Amino acid sequence: AQKITQTQPGMFVQEKEAVTLDCTYDTSDQSYGLFWYKQPSSGEMIFLIYQGSYDEQNATEGRYSLNFQKARKSANLVISASQLGDSAMYFCAMRNFYRGSTLGRLYFGRGTQLTVWP
Amino acid sequence: DAGVTQSPTHLIKTRGQQVTLRCSPKSGHDTVSWYQQALGQGPQFIFQYYEEEERQRGNFPDRFSGHQFPNYSSELNVNALLLGDSALYLCASSLWAPGITNEKLFFGSGTQLSVL
């Protein structure tokens with residue numbers, strides 16, 4: 001069974017500093033995808049970054065990068081130059097690929113509440 | 001370009017009642033998934049609809065049912081509400097893409113259901 005573990009209930013970072021949010025996963029599948037979503041207090045889940053299990057390069061999207069260590073089954077999110085607007089809940093998620101397509105469901109971790117202070 | 005829209009935004013029901021939540025996917029998307037997010041938890045997958053059929057289902061009882069319409073919009077129905085059904089219900093849409101693995105889900109802002 002797929003499982004996502006986020007061990008940091010809360011993280012604090014000063015504005016303009018970098019922060020790493022931890023995520024480990026467990027799956028017996030060889031092909032899978034890893035996602036990070038941001039959930040502000042409004043409730044909407046906002047896509048941040050994606051890493052495929054066969055991608056050799058770590059994914060980057062602007063200030064977000066994913067530190068993917070396949071052997072250790074970890075997919076940590078790095079946010080560089082934190083901004084006050086980054087304060088939110090962050091979720092790591094994994095997708096299995098249903099019949100080789102994107103119909104797979106997402107398995108979410110419990111999230112990490114990030115607080116950015118001035 | 002409208003994103004995923006959900007209605008209503010908030011709902012209060014009493015135990016034993018039935019509720020229907022609605023979702024319109026992002027323009028161009030044909031797949032709708034529903035997730036339940038209890039307070040302080042990550043979202044849990046309820047089920048997914050594609051081509052008006054339920055394709056996958058999570059570990060939820062039969063009290064949870066759904067429907068997808070020809071215009072790809074979807075409804076989530078919950079019968080015989082329990083206190084434990086109180087949660088944020090999120091709808092997510094995507095485009096079915098065989099062989100493409102990085103298609104991301106777009107989420108709505110959810111419906112906050114409170115069962116008293």
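In the block above lies the structure referred to throughout.
What counts, and where the lines are drawn
- Residue indices begin from 1 for each chain and proceed along its sequence in written order.
- Whichever chain is written first becomes A and whichever ligand is written first becomes 1, with later ones labelled in order.
- Side-chain atom pairs in this predicted model are given and counted only at pLDDT of 80 or more, local residue features only at pLDDT of at least 70, and totals for whole chains, interfaces and linings cover all residues.
- Neither water nor hydrogens contribute to the side-chain values; these are computed over all heavy atoms in the structure.
- In DSSP terms, a helix is any run of H or I states spanning at least four residues, a strand is any run of E spanning at least two, and both are numbered starting from the N terminus.
- It only takes one pair of heavy atoms within 4.5 Å for two residues to be counted as in contact.
- Throughout, the accessible surface (probe 1.4 Å) given up by two parts as they are put together, summed over both, is called the buried area.
- One speaks of a salt bridge when a side-chain nitrogen belonging to Lys or Arg is within 4 Å of a carboxyl oxygen belonging to Asp or Glu.
- Identification of polar contacts relies on pairs of N or O atoms within 3.5 Å, with a donor-acceptor requirement for protein atoms, meaning one able to donate a hydrogen and the other able to accept it, and with residues adjacent in sequence counted only if both atoms are side-chain atoms.
- Following the grouping adopted for this structure description, the nonpolar residues are Ala, Val, Leu, Ile, Met, Phe, Trp, Tyr, Cys and Pro, the charged ones are Asp, Glu, Lys and Arg, and the polar ones are all others, Gly among them.
- Any residue under 20% of the maximum accessible area for its type is buried, any over 50% is exposed, and the rest in between are partly exposed; the area is computed with a 1.4 Å probe on protein chains only.
- We define a nonpolar core as any set of buried Ala, Val, Leu, Ile, Met, Phe, Trp, Tyr and Cys residues linked to one another through side-chain atoms lying within 4.5 Å.
- Two strands are said to pair when DSSP picks up at least two bridges between them.
- Axis lines are fitted through C-alpha atoms, for helices just across the contact stretch, and the angle between N-to-C directions can take any value from 0 to 180 degrees.
- Ring pairs shown here join Phe, Tyr and Trp side chains whose ring centres sit within 6.5 Å, with only the six-membered ring taken for Trp; geometry is labelled stacked below 30 degrees between planes, edge-to-face above 60, and tilted in between.

**Topic: unusual backbone geometry**
Residue P8 of chain B is reached from S7 of chain B by a cis peptide bond, and omega for that bond is -10 degrees. For P8 of chain B, the location among the structural elements is in the loop between β1 (5-7) and β2 (10-13). Of note in this structure, K16 of chain A is not a glycine but carries a positive phi near 80 degrees. Locating K16 of chain A in the fold gives a position in the loop between β2 (10-14) and β3 (19-21). If you check the backbone angles, E51 of chain B has positive phi at about 50 degrees while not being a glycine. Following the sequence through the fold, E51 of chain B ends up in the loop between β5 (44-50) and β6 (53-57).

**A few points about the interface of chain A and chain B**
Facing the 23 residues of chain A at the interface are 30 residues of chain B. Summing both sides of the interface, chain A and chain B together bury roughly 2200 Å²; the carbon and sulfur share of this comes to 53%. On the surface where chain A and chain B come into contact, there are zero salt bridges. Our count for the chain A to chain B interface comes out at four residue pairs in polar contact (both at pLDDT 80 or more). Among the secondary structure elements, those contributing two or more residues to the side of chain A that touches chain B are β5 (32-39), β6 (46-52), β10 (88-96) and β11 (106-108) of chain A. Partitioning the side of chain A that touches chain B into residue classes produces 11 nonpolar, eight polar and four charged.

**Considering the pattern of salt bridges**
All names here are of chain B. Under the definition given, this model contains six salt bridges over all chains. Between E51 and R55 there is a salt bridge, with its nearest N and O atoms 3.1 Å apart. In this structure, D85 and R63 form a salt bridge, with 2.9 Å as the shortest nitrogen-oxygen distance. Placement of D85 in the loop between β8 (74-78) and β9 (87-94) and of R63 in the loop between β6 and β7 (64-68) is noted, with a sequence separation of 22 residues between them. For the residue pair D85 and R63, the accessibility class agrees, reading buried in each case.

**Some remarks on the nonpolar core**
One finds Y25, W36, I49, L77 and Y90 of chain A to be the most contacted residues of the largest nonpolar core, which totals 25 residues. A per-element tally of this core places β10 of chain A first, with four residues. L21, W34, L81 and V115 of chain B belong to the second-largest nonpolar core, a separate cluster that totals 20 residues.

**Points about the sheet that holds β8 of chain B**
Residue and element names in this part refer to chain B. Read from one edge to the other, the open sheet built from four strands follows the order β1-β3-β8-β7, with strand pairing classed as antiparallel. In this open sheet, the two strands that pair with only one neighbour each are β1 and β7. Put simply, the sheet's adjacent strands are angled 20 degrees from each other on average, direction ignored. Here β7 pairs with β8 via five bridges, running antiparallel. Residue pairing across strands places G66 opposite L76, the latter belonging to β8.

**Some details on the pairing of β6 of chain A**
Residues and elements named next belong to chain A. In terms of burial, β6 is a largely internal element, five of the seven residues being buried. The pairing of β5 with β6 spans six bridges and is antiparallel. Paired with Y37 across the strands is F47, a residue of β6.

**Describing the packing of aromatic side chains**
Per the counting criterion, the structure on display carries 15 aromatic pairs over all chains. Taking the centre distance of 6.2 Å and the plane angle of 85 degrees together, the rings of F91 of chain A and F108 of chain A count as edge-to-face. One end of the pair, F91 of chain A, is in strand β10; the other, F108 of chain A, is in strand β11, with 17 residues separating them in the sequence. Judged on exposure class, the residue F91 of chain A and its partner F108 of chain A are both buried. Between F108 of chain A and Y35 of chain B, the ring centres sit 5.7 Å apart and the planes meet at 85 degrees, which makes this aromatic pair edge-to-face. Of the two residues, F108 of chain A is situated in strand β11 and Y35 of chain B in strand β4 (residues 31-37); the pairing between them involves two chains. Of the two residues, F108 of chain A and Y35 of chain B, both sit in the buried class. An aromatic cluster of three or more residues is present, and its members are F35, Y37, F47, Y50, F91 and F108 of chain A together with Y35, F45 and F107 of chain B.

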